[in-house]
Amino acid sequence: MAYEKLELFIDGKWSQGTSGKSQDVINPATEEVLGTLPHASTADLDAALTAADKGFKIWRNTTPIARQIILDKAADLMEERKPSIAKNISREMGKPVGEASLEMDFVIGCLRWDAEQGKRAYGRLIPARIPGQRQMMIKEPVGPVAAFVAWNFPASNVMRKLGNALGAGCSIIMKADEETPSSAIAMARCFQDAGLPDGVLNLVFGVPSEISSYLLDSPIIKKLSFTGSTPVGMLLQAQAAKRMIRCTMELGGHAPVMIFNDADIAAAAQMCSATKFRNAGQVCISPTRFYVQEGVYDEFAERMAQHAKDIVVAEGITEGAQMGPLIGERRLGVMQDLVDDAVSHGAELLAGGERLGNKGFFYKPTVLKGVPEEAKIMNEEPFGPVAPVASFKDFDEVIERANKLEYGLASYAFTTDGAKANAIGDQINAGMFGVNHFGIATPETPFGGVNHSGYGTEGGEEGITAYQRVKFISEIGV
Ligand code: NAD
């Protein structure tokens, strides 16, 4: 199967752009070059801005029902093309094809949800103070959007933003990630084939900081949406402030998992392992710090280690692969540094702890026990297949430790005690909390963080709301 043809998409036209610059896209499992991705020039970005401005005028005046028909048709095409899109995600990003296929299911679900939800941009009538007066609140699309997303879910990070923006009636310039461009391109082809008007969706690639600086300096852009690390999110928010551009920030996380004596430990260890090593741990809501109550600590750590040793690590397109490589060579050094640092702080290495082979960027599923709070991995987002496990005595202690970081994206607990689960739900500093499972991301539910994990949720009705603005209209004598 051929890899996707890599192109820019501006004003309904596919091209190699005019910069003459490009970069190779690498398969992280084999280190082979999959394709060459063109970079946009500033002239290309100007064309994308003009197109987004024009596209917004068309799309905002298209009725939500007419928009839904096009978006649903695009979702149908994504369904049809899913096998090849998923395979290419696996080849360029490393995740097993099955995971990539599930990612596409999620993408299609998000698009259908947003297409439907766009019809519910309800305003309200507010009782007037003066006879004959009519007071109305209406919601309208905020305007052309600039969006930038990370590589770890190349299709769903993109669709979270496209679905919300297009469902709300906004146009968008998307800069998908340069290491994993194929699914964004394939999805743009689906939108075009479904009849999305030219200019409503534009897709560019290049040097990320140059593109964001250029786009955020334009008076055309009215919203910024970013998925990526906290430092880059802070930088972009500062740039957006200069033009009072509103932001949605989906940033890093460091999810605590609190496992209590009363939990079903075999089930908890099985779920924790499957979820920790999914996508090689490169997931913003990945369970990250495992706090285990003393009575079940040894059993949990041993079960986690055994699961980690059993995981089949291989190229994502290989039959039976459960975990693929990391996205790039740079991540291998980060993993080794975190593991070595934890061990030097007294942690015990129960599984993994080193690179696997010397071709491709594979790192063994790793479990560390007895990891002290001072170890780097308990404070910095690992974004990889390393699970640090530590013990705790009681409820108050574990809540304090779970809440100690500036991050506040996902959090989890395993307990059969409803009162305890509710108390954590009340006290945890996080945007999301899962009890006895990890399934906290669905198209219809709000997804997002607090504090250094960002703000402005995607998914659910809140996702669309973030791309709308409120207008108040007061009429007398009409
Ligand atoms: P990163 O911030 O370095 O890069 C993320 C994306 O932003 C990449 O595509 C990168 O090219 C781009 N980028 C970098 N600098 C930019 C700039 N100045 N302007 C515009 N774009 C820029 O992060 P990373 O380490 O590559 O990705 C992983 C991070 O993303 C983790 O922190 C992870 O938690 C976070 N993430 C968050 C969510 C969420 O929904 N909260 C989802 C996925 C990933």
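Per chain, the residues get numbers from 1 upward, laid out in the order the sequence is written. Thresholds applied to this predicted model are a pLDDT of at least 70 for local features of residues and 80 or more for the giving and counting of side-chain atom pairs; totals over whole chains, interfaces and linings are not thresholded and use all residues. Neither water nor hydrogens contribute to the side-chain values; these are computed over all heavy atoms in the structure.

### Some words on the overall build of the protein chain
Point 1. Where helices and strands are cited, they refer to DSSP runs of H or I of at least four residues and of E of at least two residues respectively, numbered from the N terminus. Check the secondary structure of the protein chain and you find 13 helices and 20 strands.
Point 2. Atoms considered for the radius of gyration are the C-alpha atoms alone. The globule rule reads 2.2 Å times the number of residues to the power 0.38. At 23 Å, the protein chain has a C-alpha radius of gyration in line with the 23 Å of a compact globule built from 478 residues.
Point 3. Overall size of the protein chain, expressed as C-alpha extent along the three principal axes, is 75 × 60 × 40 Å.
Point 4. Categorising residues by exposure relies on relative accessible area from a 1.4 Å probe, with only protein chains included: less than 20% of the type maximum marks a residue as buried, more than 50% marks it as exposed, and the intermediate range marks it as partly exposed. Expressed as a percentage of its 478 residues, the buried residues of the protein chain come to 57%.
Point 5. Contacts are assigned to residue pairs that have any heavy atoms within 4.5 Å of one another. Long-range contacts, defined here as pairs at least 24 residues apart, represent 73% of the contacts in the protein chain between residues at least 6 apart.
Point 6. Roughly 18700 Å² of accessible area belongs to the protein chain as shown, and the carbon and sulfur atoms make up 52% of that amount.
Point 7. Here the protein chain contributes 47 positively and 59 negatively charged side chains, and the mean placements of these two sets differ by 8 Å. Per-residue and other accessible areas follow the Shrake-Rupley method at a 1.4 Å probe size, with only the shown protein chains counted as cover for residues. By the counting scheme adopted, Arg and Lys are positive, Glu and Asp are negative, and His together with the chain ends is not counted. Lys charges are placed at NZ, Arg charges at CZ, Asp charges at CG and Glu charges at CD.

### Notes on the site of the ligand
Point 1. It suffices for a single heavy atom of a residue to lie within 4 Å of a molecule or strand for the residue to be listed as near it. In the vicinity of the ligand lie 27 residues, with Trp151, Asp177, Ser212, Ser229 and Glu381 positioned nearest.
Point 2. Taking valine 149, its main chain carries an N or O atom lying 2.8 Å from an oxygen atom of the ligand.
Point 3. Pairing of N or O atoms within 3.5 Å defines a polar contact, subject to two protein rules: one partner must be a possible hydrogen donor and the other a possible acceptor, and residues neighboring in sequence count only if both atoms are side-chain atoms. Between the ligand and aspartate 177 there is a distance of 2.5 Å, counted from an oxygen atom to a side-chain nitrogen or oxygen.
Point 4. Across the complex, the protein chains shield 86% of the 850 Å² of accessible surface that the ligand would expose by itself.

### Here's the deal with the nonpolar core
Side chains of a nonpolar character, in soluble globular proteins, are inclined to be buried together.
Point 1. We call a set of buried Ala, Val, Leu, Ile, Met, Phe, Trp, Tyr and Cys residues a nonpolar core when their side-chain atoms join them within 4.5 Å. Formed by 82 residues in total, the largest nonpolar core has its most connected members in Met78 and Phe191.
Point 2. At 10 residues, helix α2 (residues 64-93) tops the list of elements feeding residues into this core.
Point 3. Apart from residues lying up to four places away in sequence, methionine 78 is in contact with Ile85, Met104, Val107, Ile108, Leu111, Met159, Met187, Cys190 and Phe191.
Point 4. Grouped together as the second largest cluster of nonpolar side chains are 67 residues, Ala308, Ala351, Phe362 and Ala402 included.

### Looking at the pattern of salt bridges
Point 1. Whenever Lys or Arg places a side-chain nitrogen within 4 Å of a carboxyl oxygen from Asp or Glu, that contact is recorded as a salt bridge. Following the criterion strictly, the structure yields 30 salt bridges and no others.
Point 2. The partner of glutamate 116 in a salt bridge is lysine 119, with the nearest N and O atoms 3.5 Å apart.
Point 3. Since its relative accessible area comes to 27%, glutamate 116 is described here as partly exposed.
Point 4. Measuring nitrogen to oxygen at the nearest pair gives 3.4 Å for the salt bridge that ties lysine 393 to glutamate 294. Here the residue lysine 393 occupies a position in the loop between β16 (386-392) and α11 (395-402), and glutamate 294 occupies one in the loop between β13 (287-293) and α9 (297-310), the gap between them amounting to 99 residues.

Shape is all these values report; function is a separate question.
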